[in-house]
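Structural overview for review
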Amino acid sequence: MIAAVFLSMVMSVPPTVSTDRLLDAMYTVESSRGKVLVGDGGKAIGPYQIWYRYWQDAVEYDPSIGGSYRDCMRKDYAERIVWAYWCRYAPQGATVQDLARVHNGGCRGHKNSNTLGYWNKIRKAMG
């Protein structure tokens, strides 16, 4: 996964261990492991509950992803969107906590105290 290699160069987390556990925890927290694919009053879709603007940002950053917003309903496609979003917005030296909070709160989510509750849910799901 090219995004994983790139991400590992700018972040302090190994791309295969920590981020795999993070994505698994996000899958659990966001959609009850794919059981709830529409959330936030219909504003978010898929296993990672991606908003339309999030999808646009990710595809703008990496146009090779292609597809349509509805493709976010598929886990494999949605993961590519999450990776592109992280590559675009995660801060240099990001931790797993930073990544979770960026996913939840947008490009500055890692600095927003409103994302700490989400991080606590993710950390619990990670075990």
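Summary of the structure given here. This is a predicted model, so every value here is computed, not measured.

**Some thoughts on the packing of aromatic side chains**
- One pass over the structure, following the stated rule, counts 7 aromatic pairs.
- Taken together, Tyr52, Trp55 and Tyr69 form an aromatic cluster joined through their ring pairs.

**A closer look at helix 2 (residues 18–31)**
- Between its first and last C-alpha atoms helix 2 spans 20 Å; for 14 residues at 1.5 Å apiece the expected length is 20 Å, and the two agree.
- Buried positions along helix 2 lie against helix 4 (75–89), helix 5 (96–105) and helix 6 (116–126).
- Positioned one or two residues after helix 2, Ser32 has a phi angle of 50°, which is positive.

**Details of the sheet that holds strand 3 (residues 50–51)**
- The 3 strands lie next to each other as 1-2-3, forming an open sheet whose pairing is antiparallel. Single-partner strands in this sheet number two, and they are strand 1 (38–39) and strand 3.
- Note that strand 1 and strand 2 (residues 44–45) share 2 bridges and pair antiparallel. When the bridges of strand 2 are listed, Gly39 appears paired with Ala44.

**With respect to the environment of Leu99**
- Among the structural elements, Leu99 can be located in helix 5.
- In this structure the C-alpha to C-alpha distance between Leu99 and Tyr85, which are 14 residues apart in sequence, comes to 9.6 Å.

**Brief notes about the side chain of Arg101**
- With respect to the helices and strands, Arg101 occurs in helix 5.
- A distance of 3.2 Å separates the side chain of Arg101 from the backbone oxygen of His110, its partner in a polar contact.
- With sequence-adjacent residues up to four places away left out, Arg101 is seen in contact with Gly106, Gly109, His110, Lys111, Asn112, Ser113, Thr115, Leu116 and Trp119.

**Concerning the layout of surface pockets**
- Of the voids in this model, the largest pocket is the one considered here, and its volume is about 340 Å³.
- Around the largest pocket, the lining is made up of 17 residues, and of these Asp40, Gln49, Trp51, His103 and Asn104 lie nearest the centre.
- Listed by contribution, the elements that provide at least two residues to the lining of the largest pocket are helix 2, strand 3, helix 3 (52–61), helix 5 and helix 6.
- The residue makeup of the lining of the largest pocket, split by class, is 7 nonpolar, 5 polar and 5 charged.

Conventions adopted
Residues numbered from 1 in each chain as written. Predicted model: local features only at pLDDT ≥ 70, side-chain atom pairs only at ≥ 80, totals over all residues. Heavy atoms only, no water. Phe/Tyr/Trp six-rings, centres within 6.5 Å; stacked < 30°, edge-to-face > 60°. Helix = DSSP H or I, 4+ residues; strand = E, 2+ residues; numbered from the N terminus. Expected span 1.5 Å × (residues − 1). Contact = heavy atoms within 4.5 Å. Pairing = 2+ DSSP bridges. Polar contact = N/O pair within 3.5 Å; in protein donor to acceptor, adjacent residues only side chain to side chain. 1 Å grid on protein atoms, 1.4 Å probe; cavity = no way out; pocket = protein on both sides within 12 Å on 5 of 7 lines; lining within 4 Å. Points joined across faces, edges and corners; volume = space filled by probe spheres on them. Nonpolar A, V, L, I, M, F, W, Y, C, P; charged D, E, K, R; others polar.

Remember, this is a structural readout, not a statement about activity or role.
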